[in-house]
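Chain and residue survey
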Amino acid sequence: MYDIVDILYNIAYNFIIKWREEYWDGLMKNKKMKMARVECELSQEQLAEKVGVTRQTISMIESGNYNPTLNLCIEICKALNRTLNDLFWEE
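Residues numbered from 1 in each chain as written. Predicted model: local features only at pLDDT ≥ 70, side-chain atom pairs only at ≥ 80, totals over all residues. Heavy atoms only, no water.

Here's the deal with the packing of helix α3 (residues 44-51) against helix α4 (residues 55-63)
Packed helices, taken two at a time, are described by the angle between their axes plus the distance between the axes. The contact between α3 and α4 brings their axes to 8 Å, and the two run at 110°. Of the possible angle classes, the one that applies to α3 and α4 is roughly perpendicular. Seen from α3, the contacting residues are Q44, E45, L47, A48 and V51; seen from α4, they are R55, I58, S59 and E62. In terms of residue class, the contact of α3 with α4 is made up of 4 nonpolar, 2 polar and 3 charged. (Axes fitted to C-alpha atoms, helices over the stretch in contact; angles between N-to-C directions. Helix = DSSP H or I, 4+ residues; strand = E, 2+ residues; numbered from the N terminus. Parallel < 35°, antiparallel > 145°, perpendicular 65-115°, else oblique. Contact = heavy atoms within 4.5 Å. Nonpolar A, V, L, I, M, F, W, Y, C, P; charged D, E, K, R; others polar.)

Quick look at the structure:
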């Protein structure tokens, strides 16, 4: 039978795992894209113009709150002179 410490441990552990999956992984998902954009000396607005979307779309992709279509990923890669693996492949 579980005692209170085991129950609290399981609650905390599950919370941390869920938080990592939903929040942290989402934030980290497109840091590579942001780094590539900065290396190309482009603002979010400039990249958005190059690929035909809004600045908000670029922001949401970089923050992990939006999953772009394959066509948009390809356009972003072309604009940043990177491959799909460079920007969107998860390790």
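Brief notes about the pattern of salt bridges
As enumerated under the stated definition, the model contains 3 salt bridges in all. Between E75 and K78 there is a salt bridge whose closest N-O contact spans 3.7 Å. Highlighted residues: E75 and K78, both in helix α5 (residues 70-80), separated by 3 residues, approximately one helical turn. On the accessibility criterion, E75 (33% relative accessible area) is partly exposed. (Salt bridge = Lys/Arg side-chain N within 4 Å of Asp/Glu carboxyl O. Buried < 20%, exposed > 50% of the residue type's maximum accessible area, 1.4 Å probe, protein only.)

Observations regarding the environment of R37
Examined against the element boundaries, R37 turns out to sit in helix α2 (residues 31-39). For the pair R37 and A79, spaced 42 residues apart in sequence, the C-alpha to C-alpha distance is 8.9 Å. Excluding its chain neighbours within four sequence positions, the residues that come into contact with R37 are L42, S43, Q44, L47, E62 and L80. Among the polar contacts listed, one links the side chain of R37 to the backbone oxygen of L42, at a separation of 2.9 Å. (Polar contact = N/O pair within 3.5 Å; in protein donor to acceptor, adjacent residues only side chain to side chain.)

Some details on α3
By the burial criterion, the buried members of α3 are Q44, L47, A48 and V51. Projected down its long axis, α3 shows its buried positions confined to an angular sector of 100°, all on one face. More than 90 degrees from the buried face of α3, the exposed residues found are E49 and K50. Downstream of α3 by one or two residues, G52 has phi in the positive range, about 80°. (Arc of directions from axis to C-beta.)

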